[in-house]
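# Summary of the model geometry
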Amino acid sequence: MPQLTALTRFPVKGFGPDRLDRADLKPGHTLPFDRAWAIENGPGDFDPAHPAHVKKKHFLMLAGQTDLAQLQTRCDTAGRGFTTRWPDGESITVALDDAASHGPLFARLETLLGEQVRGALRFAHIPGQALTDIPHPHVSLINAASVRDLETRTGHAIDPIRFRGNLLIDGVEPWAEFDWLGRDIRIGDVKLRGQSRIRRCVATSINPDTARRDIDLPAALMAHYGHADCGIYMSVETSGAVTIGDGVELPGPGQA
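From a predicted model like this one, the values you see are computed outputs, not experimental measurements.

Rules and cut-offs
- Residue positions are given per chain, counting from 1 as you read along its sequence in written order.
- Only residues with pLDDT of 70 or above have their local features reported here, since the model is predicted, and side-chain atom pairs are shown and tallied only from 80 upward, although totals for entire chains, interfaces and linings are computed over all residues.
- With hydrogens and water set aside, each side-chain value is computed from the structure's full complement of heavy atoms.
- Each helix is a run of DSSP H or I of at least 4 residues and each strand a run of E of at least 2, with the numbering of both proceeding from the N terminus.
- Radius of gyration: over C-alpha atoms. The globule rule applied is 2.2 Å multiplied by the number of residues raised to the 0.38 power.
- Exposed residues in this analysis have more than 50% of their type's maximum accessible area, buried residues have under 20%, and partly exposed residues fall in between, with area computed by a 1.4 Å probe over protein chains only.
- Note on contacts: a residue pair qualifies if any of its non-hydrogen atoms lie within 4.5 Å across the two residues.
- Charged residues are defined narrowly, with Lys and Arg counted positive, Asp and Glu counted negative, and His plus the chain ends left uncounted.
- Charge placement uses NZ in Lys and CZ in Arg. For Asp and Glu, CG and CD serve respectively.
- Cavity means a closed set of points on a 1 Å grid over the protein atoms alone, one where a 1.4 Å probe fits but cannot get out, pocket means an open set with protein on both sides within 12 Å along at least 5 of 7 lines, and lining means a residue has an atom within 4 Å of a point.
- Grid points are joined across faces, edges and corners, and a volume is the space filled by probe spheres set on the points.
- Polar here means any residue other than Ala, Val, Leu, Ile, Met, Phe, Trp, Tyr, Cys and Pro, which are nonpolar, and Asp, Glu, Lys and Arg, which are charged; Gly is therefore polar.

Once that is clear, we can look at the overall build of the protein chain. Each helix and strand in the protein chain was counted, giving three helices and 15 strands. Here the C-alpha atoms of the protein chain give a radius of gyration of 18 Å, agreeing with the 18 Å that 2.2 N^0.38 yields for 256 residues. For the protein chain, the spread of C-alpha atoms along the principal axes amounts to about 55 × 40 × 30 Å. For the protein chain, the residues scored as buried account for 50% of the 256 residues in total. Residue pairs in contact within the protein chain that sit at least 24 positions apart in sequence constitute 70% of those at least 6 positions apart. Here the protein chain contributes 28 positively and 32 negatively charged side chains, and the mean placements of these two sets differ by 3 Å.

Attention shifts here to the layout of surface pockets. Volume-wise, the largest pocket comes out at about 550 Å³. In this structure, the largest pocket is lined by 27 residues; those nearest its centre are R35, K56, D133, R200 and Y233. Of all the elements in the fold, those that place two or more residues in the lining of the largest pocket are β9 (139-143) and β12 (190-199). Looking at which element gives the most residues to the lining of the largest pocket, the answer is β12, with three residues. Residue composition of the lining of the largest pocket, grouped by class: 10 nonpolar, seven polar and 10 charged.

So, in structure tokens, the structure goes:
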């Protein structure tokens, strides 16, 4: 039976993953604490007094600042602490809600990124809203079989974490997920509905282990499949918990 094999969130946009065993989902929301914070890269469109969706180019992001992949991170969402571990072994912990604690982290980021920093850095946060690449509160799903098919076509080992998805499933045919748009699947007790394919950017070309660009995955997708898509966005339709190992119930025949 198809199963949920990994569950991942990225509490601070552009930085490393939190790997979970279980998460509670509810309609109209993303995975809890996924992209809950982002770091504004110089003055931009984010207005904390009137928060709204802001395009990703205004924040530090892996596609633009590939050196962020060098950092190991840990986020304590309950205590609102964020720790980065640097290649030289130094660890920096900041309190996400305390701007006075952010200076040491921002100083090291400015040194690491150099001219890629466009101005003063600042954490952005909208309670109850994710700072994702899209304005809709969706979760992202990756099909492990599709990634393996891409590995076969390219001749490269590809860790699914490159696609920075929330839900990784296995046990279905490669690229079957593209047939789920407008249709429902169930993971554990939660019903989700396919909404759109995810077009991939250069961030997927960065090796999560070496922090180097080693394969142009958008170009590879286009060359082998005629598109640059991998994974789909899904809306949460019913509340409930999802747990690693949960079965995945696929759309039935004739489901609209």
